Amino acid sequence: MADGSVPAMRIWSTQLHEHVGERVVLRGWMLNHRALSKVDFVILRDGRGVCQVVVNDDATRAAVAQWHDETVFEVEGTPKESRQAPGGVELVDPVFREIARSPEPPPVNLRVPEPREQLPYLLDHAAVSLRHPRRRAVFRLGAASLAGMRAVLDADGFVEIQTPKIVASATETGANVFRIDYFGRPGYLAQSPQFYKQMMVGVFERVYEIGPVFRAEPHDTVRHLAEYVSLDVELGFIEDHFDVMRVVRRVVAGMVDGMRERAARELALLDLALPEVPDEIPHVHFRDAQELIERETGERGVVGEPDLAPAHERWLGEWARREHGSDFLFVVGYPMAKRPFYTHPDPDRPEFSNSFDLVYRGLELVTGGQRLHRYEDYVRVLTDAGQDLEPYESYLEAFRFGMPPHGGFAIGWERWLARLVEAQNIRETTLFPRDVNRLRP
RNA sequence: GGUCCUGUGGUGCAGUUUGGAGUGCACGCCGCCCUGUCAAGGCGGAGGCCGCGGGUUCAAAUCCCGUCAGGACCGCCA
């Protein structure tokens, strides 16, 4: 209360307007300090936002003048509406208490609207650079995306699971694995929860996992990481991959809703427009897409290629926007030749698969499809590929004892964020990226 | 794995083509000034082995060789 008889309570900077005229306490970091001849402005940043503190008292002004940016302090004061204040409310009549003093100016200039340092420098000083309101806003959007995903899947009866990241054998073909010393035996860091989430369909029918995966690929590009967060979903009792695609649509829409509901402030700060997720995302068959590209662009030799080049995905993204008014497009029916062994073929056209990619603004964002579910099919495809069945024994046990038709998909979380905020480099949407050259911080 | 680009005060850049004194801009820092700033503004100041090693030259940030660090593209992938 204003008479001081009740201890002031701590509020967030974002709640300032709810407490006009009351005596309140804020805690946070000094983001900026502007000293004029008769008045000082201290900008406080807390976990959620920023707040301007007006300092008129000369002794107090001299005290805060000693602080470097990022000094942690507590301030008791009175929120007051003012047309001159950023956001319309500011804290007046402040009493400061220093909590942890910063010994020198921070290595990153956090005052500017957008950090100007180069990305490697920002990453080297991530502990500080992530404090920048725009930098951290990206990751609050990421958290809101995950909350939206969980809300949709939990409501649909999916169970969130956690599977091991230390595994006995490499699972996926292609990607290189990180080998580790596991109590004297060889172990590997998991490239994907694929096998485990399939096995768990036999337990819960519908599962999802949000967790890290590891790829020891030597490639060093703006869209690859050695460790990234994979949003994995798998469900049983499906007709075909179109059932899976309907879940993809709901999950993506839920992620967008999550951001709209939980991170409106960050969306405004970053001046972002969320994508519209259509009630039904348009889809095109892989072969039809190739023929379309040849017909519309005049390019030859596209039909028959086993995969779409990045340039073709970009073209299809533009086509979907033009033709269907959609940022999203499913490409279905990729050739079996390019898909992993557990992929279910198209019963009518066995050279094509019941799989799909979701192209978002011209970039491959989601890969998924229907899986094989009969034990005999797994034995056959692995044998045909010349593979020893022994390493797959515990995985195959799930299929020996009854698995329903099932399928699923995976979304790269950092890549989703990167496309959303239009980042140039996926490292901008990774807190502490791991790549060929970077193991710390 | 292949190709290309960049290393200049704490930070971000000019300067290198055509060798001539560490020259310049912006941010940050220090000091002074300024009745309400919004990345505040004004004036002044400090701060450099021009990544490192070697070579050419009367003379190298600049040219050559090597090396280290960082970045981009391609293949593959999410």
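This one's a predicted model, so the numbers in the text were calculated from it and none came from an experiment. (Residues numbered from 1 in each chain as written. Chains lettered and ligands numbered in written order. Predicted model: local features only at pLDDT ≥ 70, side-chain atom pairs only at ≥ 80, totals over all residues. Heavy atoms only, no water.)

## What to know about the overall build of chain A
Part 1 of the argument: Looking only at helices and strands, one finds 12 helices and 17 strands in chain A.
Part 2 of the argument: If one aligns the C-alpha atoms of chain A with their principal axes, the spans along those axes are about 85 × 55 × 40 Å.
Part 3 of the argument: Taken across its 441 residues, chain A has 50% of its residues classed as buried.
Part 4 of the argument: Within chain A, counting contacts between residues at least 6 apart in sequence, those at least 24 apart form 63% of the total.
Part 5 of the argument: Here chain A displays about 21800 Å² of accessible surface, and carbon together with sulfur accounts for 50% of that area. (Helix = DSSP H or I, 4+ residues; strand = E, 2+ residues; numbered from the N terminus. Buried < 20%, exposed > 50% of the residue type's maximum accessible area, 1.4 Å probe, protein only. Contact = heavy atoms within 4.5 Å. Areas by Shrake-Rupley, 256 points an atom, 1.4 Å probe, with all protein chains shown as cover.)

## What to know about the protein's contact with RNA strand B
Part 1 of the argument: Around RNA strand B sit 40 residues in total, of which Asn-32, Arg-34, Arg-116, Gln-118 and Arg-415 are the nearest.
Part 2 of the argument: In RNA strand B, atoms within 4 Å of the protein come from the sugar-phosphate backbone in 50% of cases.
Part 3 of the argument: A distance of 3.4 Å separates a sugar or linking oxygen of RNA strand B from a polar side-chain atom of Arg-215.
Part 4 of the argument: A distance of 2.6 Å separates a phosphate oxygen of RNA strand B from a polar atom in the side chain of Asn-425.
Part 5 of the argument: For the surface near RNA strand B, the secondary-structure elements that each account for two or more residues are β2 (24-35), α2 (119-124) and β16 (363-371).
Part 6 of the argument: Looking at which element gives the most residues to the surface near RNA strand B, the answer is β16, with 4 residues. (Near = heavy atom within 4 Å. Polar contact = N/O pair within 3.5 Å; in protein donor to acceptor, adjacent residues only side chain to side chain.)

## Here's the deal with the sheet that holds strand β12 (residues 227-236)
Pairing between the strands of a sheet comes from backbone hydrogen bonds, and it takes one of two forms, parallel or antiparallel.
Part 1 of the argument: Across the sheet, which stays open at both edges, the 8 strands sit in the order β7-β11-β12-β17-β16-β15-β14-β13 with mixed pairing between neighbours. Edge positions in the sheet fall to β7 (159-160) and β13 (283-285), since each of these pairs with one other strand and no more.
Part 2 of the argument: Note: β7 against strand β11 (residues 206-214), 2 bridges, orientation parallel. Considered in β11, the bridge of Glu-160 is made with Tyr-208.
Part 3 of the argument: Where helix α8 (residues 286-297) meets the sheet, its contacts fall on β13 and β14 (328-332), and the angle it forms with β13 comes to roughly 85°. (Pairing = 2+ DSSP bridges. Axes fitted to C-alpha atoms, helices over the stretch in contact; angles between N-to-C directions.)

## Here we look at helix α9 (residues 310-324)
Part 1 of the argument: Between its first and last C-alpha, α9 extends 20 Å over 15 residues, near the 21 Å set by a 1.5 Å rise per residue.
Part 2 of the argument: Structurally, α9 contributes buried residues whose contacts are with α8, β14, β15 (355-360) and β16.
Part 3 of the argument: Trailing α9 by a residue or two, Gly-325 shows a phi angle of about 60°, which is positive. (Expected span 1.5 Å × (residues − 1).)

## Remarks on the nonpolar core
Part 1 of the argument: Ranked by internal contacts, the top residues of the largest apolar core, which has 51 residues, are Met-149, Leu-231, Phe-356, Phe-409, Ile-411 and Trp-416.
Part 2 of the argument: Sorting elements by how many residues they give to this core places helix α6 (residues 241-262) first, with 10 residues.
Part 3 of the argument: By size, the runner-up hydrophobic cluster in this structure holds 17 residues, among which are Leu-26, Cys-51, Val-64 and Leu-91. (Core = buried A, V, L, I, M, F, W, Y, C linked by side-chain atoms within 4.5 Å.)

## Quick word on the confidence of the model for chain A
Part 1 of the argument: Here chain A shows a mean pLDDT of 90. Residues at 70 or above account for 97%.
Part 2 of the argument: The secondary structure element of chain A with the lowest average pLDDT is α9, at 85, and the one with the highest is β7, at 97.
Part 3 of the argument: With pTM at 0.89, the complex prediction returns an ipTM value of 0.86. (pLDDT = per-residue confidence, 0-100.)

## Quick word on the pattern of salt bridges
Part 1 of the argument: Inspection of every chain in the model, using the stated rule, returns 28 salt bridges.
Part 2 of the argument: Between Arg-150 and Glu-160 there is a salt bridge whose closest N-O contact spans 2.8 Å. Of the two residues, Arg-150 sits in helix α4 (residues 133-155) while Glu-160 sits in strand β7, which places them 10 residues apart along the sequence.
Part 3 of the argument: When its relative accessible area of 28% is taken as the criterion, Arg-150 is described as partly exposed. (Salt bridge = Lys/Arg side-chain N within 4 Å of Asp/Glu carboxyl O.)

## Regarding a nonpolar patch on the surface
Part 1 of the argument: Together, Ile-166, Tyr-182 and Phe-183 line one region of the surface with nonpolar side chains, adding up to about 340 Å² of accessible area.
Part 2 of the argument: Turning to its location among the elements, Ile-166 is positioned in strand β8 (residues 166-167). (Patch = residues over 30% accessible without salt bridge, like charges linked within 9 Å, V, L, I, M, F, W, Y side chains within 5 Å.)

## A look at the sheet that holds strand β9 (residues 179-182)
Part 1 of the argument: With antiparallel pairing, the 3 strands of this open sheet are ordered in space as β8-β10-β9. Each edge of the sheet is formed by a strand with only one pairing partner; in this case those strands are β8 and β9.
Part 2 of the argument: Pairing of β8 with strand β10 (residues 185-189) involves 2 bridges; the strand directions are antiparallel. Each residue of the ladder has a partner; that of Val-167, found in β10, is Tyr-188.

## Comments concerning the pairing of strand β4 (residues 50-55)
Part 1 of the argument: Among the 6 residues of β4, 5 are classified as buried, and the element is accordingly described as predominantly covered.
Part 2 of the argument: Alignment of strand β3 (residues 40-45) against β4, held across 6 bridges, turns out to be antiparallel. Counted as the bridge partner of Arg-45 is Val-50 from β4.
Part 3 of the argument: Count of turn residues in the β3/β4 antiparallel hairpin: 4 residues.

## Details of the packing of α4 against α6
Part 1 of the argument: Across the interface, α4 lies against α6 with an axial gap of 7 Å and an inter-helix angle of 130°. The orientation of α4 relative to α6 falls into the category oblique. As for the relative orientation of α4 and α6, their crossing is right-handed in sense. For the pair formed by α4 and α6, the contact residues are Leu-141, Ala-144, Ser-145, Ala-147, Gly-148, Met-149, Val-152 and Leu-153 on the first element and Val-247, Arg-250, Val-251, Gly-254, Met-255, Gly-258, Met-259 and Arg-262 on the second.
Part 2 of the argument: Among the residues making up the contact of α4 with α6, the classes are represented as 10 nonpolar, 4 polar and 2 charged. (Parallel < 35°, antiparallel > 145°, perpendicular 65-115°, else oblique. Left-handed = near helix turned anticlockwise from the far one by under 90°. Nonpolar A, V, L, I, M, F, W, Y, C, P; charged D, E, K, R; others polar.)

## Some details on the packing of helix α10 (residues 375-384) against helix α11 (residues 393-400)
Part 1 of the argument: One can describe the packing of α10 onto α11 by two numbers: an axis separation of 8 Å at closest approach and a directional angle of 145°. Residue-level contacts link Tyr-375, Tyr-378 and Leu-382 of α10 to Tyr-395, Leu-396, Phe-399 and Arg-400 of α11.
Part 2 of the argument: Tallied by class, residues from the contact of α10 with α11 come to 6 nonpolar, no polar and 1 charged.

## Observations regarding the pairing of β3
Part 1 of the argument: Across the 6 residues that make up β3, a large majority, 6, are buried.
Part 2 of the argument: Because side chains alternate across β3, one face comprises the buried residues Asp-40, Val-42 and Leu-44, and the other comprises Phe-41, Ile-43 and Arg-45, equally buried.
Part 3 of the argument: With 6 bridges joining them, β2 and β3 adopt antiparallel strand pairing. Along β3, the bridge assignment pairs Met-30 with Leu-44.

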